[in-house]
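Listed here are the chains, written in short residue letters.
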Protein chains: 2
Amino acid sequence: MSRIITISREFGSGGREFGKRLAEFLNVPCYDRELIDIVAKERGLNPEYVSEISESDIQTFYPSTIGHRFSFFNNPANQNVKTIMAQKDLIVRLAQKGDCVIVGHCADVILEDMNPFNIFVYANKDSKLKRCIERAREGEDLSPHQMEHKMKNIDKERQSFRSLFTDDKWGDKENYHLCINTSDRTINNLIAPIASYVDIWFGKR
Amino acid sequence: MSRIITISREFGSGGREFGKRLAEFLNVPCYDRELIDIVAKERGLNPEYVSEISESDIQTFYPSTIGHRFSFFNNPANQNVKTIMAQKDLIVRLAQKGDCVIVGHCADVILEDMNPFNIFVYANKDSKLKRCIERAREGEDLSPHQMEHKMKNIDKERQSFRSLFTDDKWGDKENYHLCINTSDRTINNLIAPIASYVDIWFGKR
């Protein structure tokens, strides 16, 4: 059985870094933004566009203004849905190749039949805010208040994106095998014991 | 700084065993039912009585029928409250002695100022039901339906007991550092990496 580890995460909790470092530690590939680049390439789309609809609010796919004027098959939202489906198929294909870590993109639900080990990474508000401000992209000069608003919005979109695939609620601990609070912690320090936990998880019940 | 680990747990998730084994692994004392015995001894009470009001629904302390007839200081519920306070003081005293694992009794909140490492242990319903039925006390011959009812009630009481000490909700992942899903798992297999996580937690941020 392949060791497939999925990381779901609150924005600013360090979940992306967590996934990357865990994959490095376990010496397996990590898929995160790579998913977007591959889908964009395979479908001849702009990666920016793919990124925008990836893990986005379901409203993005079905703008309310088009509801009555287009049928499903020729409405402008159709491309969005096809792209999401391509991303889903890609996640399955990559997981079938073997051990890996997949960050986000609802991989825990998409790969349910392959028995992944599902981690949820979270943190308190202050800690997420600090991390976000420290790591803001160049030119992204948001006030703490604006950053908090952005954090909330992104998590809300992830929640909504998840609802495309399942009724299970994003972030409910029941849907994950391990929930890790990274508040005030250096991500790298947490990796070794979790890698060992994963090893045991896949080694013996 | 002492390494104080608190275990909160859903009934049937194996949290008590988890705490005991983790303490053994870390070679530190584990306090669980011991708390009840010590309080009973110190206050000259029946351990059964102490056990009954320990982690119980707040209604147990203040039966609705006595509200108007007794003042706080001479009502029959007073003994209950005093016992709970004695238990709280005991938890603080034991934690001040040094490294330990404390299972239940709201120790995560009571010891907040001592920066404990707080674990929440949970599992899915089937797994908890299986564990409860396997470990039922002699003579406790409950049907799965009755056992499920008991499980729910005990968790509800723990939730209510927690509300004596904090507004933070029992079981909300935000209130814990690590949430561990033990569904279909052998508790003992999970201990070593968590002990290592705890070591790192207290060793470096």
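Worth saying up front: this structure is predicted, and the values here are computed from it rather than measured.

Procedures and definitions
- Residues numbered from 1 in each chain as written.
- Chains lettered and ligands numbered in written order.
- Predicted model: local features only at pLDDT ≥ 70, side-chain atom pairs only at ≥ 80, totals over all residues.
- Heavy atoms only, no water.
- Phe/Tyr/Trp six-rings, centres within 6.5 Å; stacked < 30°, edge-to-face > 60°.
- Helix = DSSP H or I, 4+ residues; strand = E, 2+ residues; numbered from the N terminus.
- Buried < 20%, exposed > 50% of the residue type's maximum accessible area, 1.4 Å probe, protein only.
- Pairing = 2+ DSSP bridges.
- Contact = heavy atoms within 4.5 Å.
- Axes fitted to C-alpha atoms, helices over the stretch in contact; angles between N-to-C directions.
- Salt bridge = Lys/Arg side-chain N within 4 Å of Asp/Glu carboxyl O.
- Least-squares fit on C-alpha atoms with pLDDT ≥ 70 in both.
- Parallel < 35°, antiparallel > 145°, perpendicular 65-115°, else oblique.
- Core = buried A, V, L, I, M, F, W, Y, C linked by side-chain atoms within 4.5 Å.
- Polar contact = N/O pair within 3.5 Å; in protein donor to acceptor, adjacent residues only side chain to side chain.
- Nonpolar A, V, L, I, M, F, W, Y, C, P; charged D, E, K, R; others polar.
- Expected span 1.5 Å × (residues − 1).
- Bend = angle between axes of the 7 residues up to and from the residue.

## Overview of the packing of aromatic side chains
Right, on to step 1. Inspection of the entire model under this criterion finds 14 aromatic pairs over all chains.
Right, on to step 2. Ring centres of F120 of chain A and Y176 of chain A lie 4.9 Å apart, and the angle between their planes is 50°; this geometry places the pair in the tilted category. In this pair, F120 of chain A sits in strand β4 (residues 117–122) while Y176 of chain A sits in the loop between α8 (144–162) and β5 (178–181), placing the two residues 56 residues apart along the sequence.
Right, on to step 3. Relative accessible area serves as the criterion here: at 0%, F120 of chain A is assigned to the buried category.
Right, on to step 4. Judged by its relative accessible area of 0%, Y176 of chain A is buried.
Right, on to step 5. Ring geometry for F117 of chain B versus Y197 of chain B: centroids 5.9 Å apart, planes at 45°, classification tilted.

## Quick word on the pairing of strand β1 (residues 4–9) of chain B
Residues and elements named next belong to chain B.
Right, on to step 1. Of all six residues making up β1, six are buried, and the element is well covered by its neighbours.
Right, on to step 2. Sheet topology places β1 next to strand β3 (residues 100–103); four bridges connect them, and they run parallel. Pairing of I7 across the sheet is with V103, part of β3.
Right, on to step 3. Summarising the sheet, β1 and strand β4 (residues 117–122) pair through five bridges and their orientation is parallel. By the bridge assignment, R9 is partnered in β4 with V121.

## Comments concerning the sheet that holds strand β5 (residues 178–181) of chain B
Right, on to step 1. With mixed pairing, ten strands are arranged side by side in an open sheet as β2(A)-β3(A)-β1(A)-β4(A)-β5(A)-β5(B)-β4(B)-β1(B)-β3(B)-β2(B). Edge positions in the sheet fall to β2 (30–31) of chain A together with β2 (30–31) of chain B, since each of these pairs with one other strand and no more.
Right, on to step 2. Of the pairings in the sheet, the one linking β2 of chain A to strand β3 (residues 100–103) of chain A comprises two bridges and is parallel in character. By the bridge assignment, C30 of chain A is partnered in β3 of chain A with V101 of chain A.
Right, on to step 3. Against the sheet, helix α1 (residues 15–26) of chain A makes contact with β1 (4–9), β2, β3, β4 and β5 of chain A, and its axis sits at roughly 160° relative to β1 of chain A, the strand it touches most.
Right, on to step 4. Sitting on the sheet, helix α9 (residues 187–203) of chain B is in contact with β5 of chain A together with β1, β4 and β5 of chain B, with an inclination near 155° to β4 of chain B.

## A few points about the pattern of salt bridges
All names here are of chain A.
Right, on to step 1. With the rule as written, the count across this model stands at 25 salt bridges over all chains.
Right, on to step 2. Note that E174 and K173 form a salt bridge whose closest N and O atoms lie 3.1 Å from each other.
Right, on to step 3. By relative accessible area, E174 is classed as partly exposed at 45%.
Right, on to step 4. One salt-bridge network, held together by shared partners, links R3, D99 and D199.

## Regarding the relation of the copies chain A and chain B
Mapping one chain copy onto the other needs a rotation about an axis and a shift along that axis.
Right, on to step 1. With an RMSD of 0.0 Å, chain A superimposes on chain B once it is rotated by 180° and translated 0.0 Å along the axis. These values place the two chain copies in the arrangement generated by a two-fold rotation axis.
Right, on to step 2. Comparing interface residues between copies, 100% of those in chain A also lie at the interface in chain B; the contact surface is shared.

## What to know about the packing of helix α7 (residues 125–134) of chain B against helix α8 (residues 144–162) of chain B
Each pair of packed helices gets described by two things: the angle between the helix axes and the distance between those axes.
Residues and elements named next belong to chain B.
Right, on to step 1. Where α7 meets α8, the axes come as close as 10 Å, and the angle between the chain directions of the two elements is 105°. With respect to their mutual orientation, α7 and α8 come out roughly perpendicular. On the side of α7, the interface is formed by K125, K128, L129, C132 and I133, while α8 contributes P144, M147, E148, M151 and D155.

## Topic: the nonpolar core
Right, on to step 1. Membership of the largest hydrophobic core comes to 48 residues, with the highest contact counts inside it found for F18 of chain A together with F18 of chain B.
Right, on to step 2. Discounting residues that sit within four places of it in the chain, F18 of chain B has contacts with I7, I119, V121, I180, I187, L190, I191 and I194 of chain B.
Right, on to step 3. In terms of nonpolar packing, the next biggest core, distinct from the first, is built from 23 residues, V50, L94, I110 and F161 of chain A among them.

## Brief notes about the interface of chain A and chain B
Right, on to step 1. Each side of the interface is counted separately: chain A has 25 residues, and chain B has 25 residues.
Right, on to step 2. Joining chain A to chain B, the criterion identifies 13 residue pairs in polar contact (both at pLDDT 80 or more).
Right, on to step 3. Elements supplying a minimum of two residues to the side of chain A that touches chain B: β4, β5 and α9 (187–203) of chain A.
Right, on to step 4. Among the residues forming the side of chain A that touches chain B, the class breakdown is twelve nonpolar, six polar and seven charged.
Right, on to step 5. Of the pairings in the sheet, the one linking β5 of chain A to β5 of chain B comprises three bridges and is antiparallel in character. By the bridge assignment, L178 of chain A is partnered in β5 of chain B with I180 of chain B.

## Some remarks on α9 of chain A
All names here are of chain A.
Right, on to step 1. Over its 17 residues, α9 runs 25 Å from end to end, which matches the ideal 24 Å to within 8%, given 1.5 Å per residue.
Right, on to step 2. Of all the bends found along α9, the most pronounced is centred on P193 and spans about 30°.
Right, on to step 3. Counting buried residues along α9, twelve of its 17 residues qualify, which places the element largely inside the surrounding structure.
Right, on to step 4. Among the residues of α9, I187, N189, L190, I191, P193, I194, A195, Y197, V198, I200, W201 and F202 are the ones counted as buried.

## Digging into the environment of L26 of chain B
Residue and element names in this part refer to chain B.
Right, on to step 1. Note on placement: L26 falls in helix α1 (residues 15–26).
Right, on to step 2. We classify L26 as buried; its relative accessible area is 11%.
Right, on to step 3. Residues within four places of L26 in sequence aside, it is in contact with R3, I5, A195, V198 and D199.

## Regarding unusual backbone geometry
Right, on to step 1. A positive phi angle is found at N115 of chain A, which is not glycine, with a value near 50°.
Right, on to step 2. Relative accessible area serves as the criterion here: at 46%, N115 of chain A is assigned to the partly exposed category.
Right, on to step 3. Phi is positive for D184 of chain B, close to 60°, though the residue is something other than glycine.
Right, on to step 4. With respect to the secondary-structure elements, D184 of chain B resides in the loop between β5 and α9.

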